[in-house]
Structures are given as C-alpha cells and as structure tokens.
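# Survey of secondary and tertiary structure
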Amino acid sequence: MIKLRVNIVIVTVLFFLNLNSNSIANISSNFINDITYKATNILSSQDTREVKIRELIKIGENSVDIDGIGFYTLGKHRKSLNDEQKAKFKKIFRKYFLKSFSTRLVEYKEAKIVVISADVKNEKYTIVKSKLLATSNRPEISIDWRVYTKDPKKPLIRDLTIEGLSLARTQREEFNSIIMNNGGDVNALFTSLRKFID
C-alpha cells in the first residue's frame, strides 16, 4: 500500500512537471513566433529604411535581455569593473547592441522564419529551434533562440545560435580580444563601442 501511494505521488509530480514544461515551451514558441511575425512585416513593408530601423529597435528593446547579454560578453573582465564603469558599460552596450541589431536585420528584405520546436532546458531557459527559409539568393539557415523564461509573463532572448554559432559567445571573444590587445584596459572596449555608435 505504501509503495502504491509513493508511485501515485511520483506519477502525479511528473505529470504536473510535464504540464509546466509544455506550458513554458508553448510560451517560448509563441514568443518567438510573435517577434518574427512583427519583424517580417516590418522588413517587407514599403516604409523607409529609417522607419524600419526605428521599429526594429522597439522589438529589440522589448524582447531582448540586453543587459544580460552585455555582461555575459564582458566575460572575466566584468569582475574588474567598479559600479560606475558597469553603469557606463550598460548604457554604451545598449546603444551598440540596438544599432548593430537593427542595421544588420534591416538588410533582409525577405525574412520568413518558421519555428520548428521548443526544448525546455530548465525553468529558466528554453531553446526554440527555427529556420530562416531559403530564397533565390540565400540558402536555408537554422536559428536557435535561447529564451530566458524565469518570468513566463516576460520571456526575453538571451542568445541566438545561427548555424551552430553562438552570437553572444562570438561577441564575448571579440570584446576580450579588444581588451587584451590593449593591455587589459576595459576602457579600450568602451572607446571601440562608441566609435561604432557614432
């Protein structure tokens, strides 16, 4: 009888964990579907390039964990920053990210993305797999979205992996190279980011 009760408890717990996992997967998939739908409409519109960029920036501000990505890209150098430098970096990186994100994406006139599946890694992260459909000028591209789901009501993108290449990790390596090539001076990175922004 005791074993039967234990088994019932275990099955019940697993059932609700599975429900929660499916819920998070659906939230993440719908989140990415919504973002890509909005972006596709912007890119295919007849609006000017400047208007498209402004609209894409809004998407980035509302759907991406810019601060989280920014501090990740600093890697080991984050520990060397004081509070003032951290605040300065957050401000600079946000401008850098939004300009980089919007000016690159706006060049895609045809951008149809289809969500394939969602893999819940844990309660905080879900990987949404998708593909950018091929066109006459571009082959099909696989895109994995790392979605931060600690707050299911406000999911945020933490990384994109395009054809197996993590953009956040690549950015971290680039930032580390800039800093190390300047004697470990983090201010050299700030200067480089400002040049891009301006």
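Structure shown above.
First things first, this report covers the structure right here in the doc. (Residues numbered from 1 in each chain as written. Predicted model: local features only at pLDDT ≥ 70, side-chain atom pairs only at ≥ 80, totals over all residues. Heavy atoms only, no water.)

## What to know about the nonpolar core
For clarity, the threshold we go by: Take the buried Ala, Val, Leu, Ile, Met, Phe, Trp, Tyr and Cys residues and link them wherever side-chain atoms come within 4.5 Å; each set so joined is a nonpolar core. Accessible area is worked out with a 1.4 Å probe on protein chains only. A residue is then buried under 20% of its type maximum, exposed over 50%, and partly exposed in between. A contact between two residues is defined here by any heavy atoms of the two lying within 4.5 Å.
Membership of the largest hydrophobic core comes to 39 residues, with the highest contact counts inside it found for Ile32, Phe89, Phe93, Trp145 and Leu189. Excluding residues within four positions of it along the chain, isoleucine 32 makes contact with Val115, Val128, Trp145, Val147 and Ile157.

## Digging into the packing of helix α3 (residues 66-74) against helix α4 (residues 83-105)
The line we're drawing: Here, axes are lines fitted to C-alpha atoms. For helices the fit covers the stretch in contact, and angles between N-to-C directions go from 0 to 180 degrees. By the criteria applied, helices consist of DSSP H or I runs no shorter than four residues and strands consist of E runs no shorter than two, each listed in order from the N terminus. Each angle receives one of four descriptions, namely roughly parallel if under 35 degrees, roughly antiparallel if over 145, roughly perpendicular if within 65 to 115, and oblique otherwise. Gly falls in the polar group here, along with every residue not listed as nonpolar (Ala, Val, Leu, Ile, Met, Phe, Trp, Tyr, Cys, Pro) or charged (Asp, Glu, Lys, Arg).
The N-to-C vectors of α3 and α4 enclose an angle of 110 degrees; their axes lie 9 Å apart at closest approach. Regarding the angle of α3 to α4, the classification is roughly perpendicular. Contacts between α3 and α4 involve Ile66, Asp67, Ile69, Gly70, Phe71, Thr73 and Leu74 from the first element and Lys86, Phe89, Lys90, Phe93, Arg94, Phe97 and Leu98 from the second. When its residues are assigned to classes, the contact of α3 with α4 shows eight nonpolar, two polar and four charged.

## Overview of the side chain of threonine 73
Heads up, the condition is: Between N or O atoms, a polar contact is any pair within 3.5 Å; within protein, one atom must be a potential hydrogen donor and the other a potential acceptor, and residues adjacent in sequence are included only when both atoms are from side chains.
Note that threonine 73 resides in helix α3. Given the relative accessible area of 1%, threonine 73 is considered buried. A polar side-chain atom of threonine 73 sits 2.5 Å from the main-chain carbonyl oxygen of glycine 70. Not counting residues within four places of it along the chain, the set of residues in contact with threonine 73 comprises Phe89, Phe93, Ala168, Gln171, Arg172 and Phe175.

## So, the pairing of strand β1 (residues 113-120)
Rules: Each pair of strands is called paired provided DSSP finds at least two bridges between the two strands.
Note: β1 against strand β2 (residues 125-132), seven bridges, orientation antiparallel. Along β2, the bridge assignment pairs serine 117 with lysine 129.

## What to know about the side chain of threonine 149
Topologically, threonine 149 is positioned in the loop between β3 (141-148) and β4 (156-162). A distance of 3.2 Å separates the side chain of threonine 149 from the backbone oxygen of glutamate 123, its partner in a polar contact. Filtering out sequence-adjacent residues up to four positions away, threonine 149 remains in contact with Ile24, Ser28, Asn122, Glu123, Lys124, Tyr125 and Thr126.

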